[in-house]
Structure formats: structure tokens, C-alpha cells
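Topology and contacts: notes
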Amino acid sequence: MPAVIDVSCINCDMCVPECPNEAISMGAKHYEVDPTLCTECIGYYDKPTCIAVCPIDCIDLEAELRLAAK
Ligand code: SF4
Ligand code: SF4
């Protein structure tokens, strides 16, 4: 399941160059992850690198968001 950027994103650009799949781009109001391109960084990094670099911690994996919502 892909990473998801929430509305608190401050458009700082930190995550964009880090994504090995170029899955992150500017959306209507903030950066968004294209779920068809995100592979959770498998094969590139041990953990999703966008989550690791985001200074305000506004990215989560969709799977974890679903768990948190239960
Ligand atoms: S988890 Fe990895 S592949 Fe997915 S958007 Fe973040 S940096 Fe890109
Ligand atoms: S690093 Fe975080 S705050 Fe910065 S653009 Fe990416 S998602 Fe938004």
C-alpha cells in the first residue's frame, strides 16, 4: 500500500527528490503521492524514505492509517 501525505504538508519539497519512483508531485494544495507509482521504497530503502525525511511527520503508509482508524 502506498504512502499518503496529509493536509498538514507545508510543501517544503524535502521528500520530492528522495522518492526513487518519482511518485511525489504537487497536488491541488499540497504534495501528493501517486499510489500507482509508490512501492513503499521496496528494493531501494529499508523504510519509506519520504516518511524518514519529512520534517513535520505528515506522511504515513496507507496500511498504518487504516489500522489507526480502526
Ligand atoms: S514510500 Fe518511497 S516510493 Fe513511496 S512515495 Fe515515499 S519515497 Fe516514494
Ligand atoms: S517532506 Fe513532508 S512537508 Fe515537505 S513536501 Fe514532503 S510531505 Fe510535505
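Residues numbered from 1 in each chain as written. Chains lettered and ligands numbered in written order. Predicted model: local features only at pLDDT ≥ 70, side-chain atom pairs only at ≥ 80, totals over all residues. Heavy atoms only, no water.

Considering the site of ligand 1
Where we set the bar: Proximity is defined per residue: if any heavy atom of the residue lies within 4 Å of a molecule or strand, that residue is considered near it. Residues are grouped as follows: Ala, Val, Leu, Ile, Met, Phe, Trp, Tyr, Cys and Pro are nonpolar; Asp, Glu, Lys and Arg are charged; all remaining types, including Gly, are polar.
Taken together, the neighbourhood of ligand 1 is formed by 13 residues, with Cys-19, Asn-21, Cys-38, Cys-41 and Cys-50 sitting nearest. Classifying every residue of the shell around ligand 1 by side-chain character gives nine nonpolar, three polar and one charged.

Topic: the site of ligand 2
Every one of the 14 residues lining ligand 2 counts as a neighbour, but Cys-9, Cys-12, Asp-13, Cys-15 and Cys-54 are closest to it. In terms of residue class, the shell around ligand 2 is built from 12 nonpolar, one polar and one charged.

What about the nonpolar core?
Among soluble globular proteins, nonpolar side chains are generally buried collectively. Rule in force here: Only buried Ala, Val, Leu, Ile, Met, Phe, Trp, Tyr and Cys residues count toward a nonpolar core, and they belong to the same one when joined by side-chain atoms within 4.5 Å. Summary of the burial criterion: residues with accessible area below 20% of their type's maximum are buried, those above 50% are exposed, and those between are partly exposed, where the area comes from a 1.4 Å probe applied to protein chains only. Numbered from the N terminus, helices here are DSSP runs of H or I no shorter than four residues, and strands are runs of E no shorter than two.
Residues Ala-3, Ile-5, Ile-24, Val-33, Cys-50, Cys-58 and Ile-59 are the most contacted members of the largest nonpolar core, which totals 15 residues. Contributions of two or more residues to this core are made by strand S1 (3-5), strand S3 (31-33) and strand S4 (59-61).

Here's the deal with the side chain of His-30
Keep this limit in mind: Any pair of residues with heavy atoms lying within 4.5 Å of one another is described as a contacting pair.
Its location among the elements puts His-30 in the loop between strand S2 (24-26) and S3. Dropping the residues within four chain positions of it, His-30 is found in contact with Ile-5, Asp-6, Val-7, Cys-9, Asn-11 and Ser-25.

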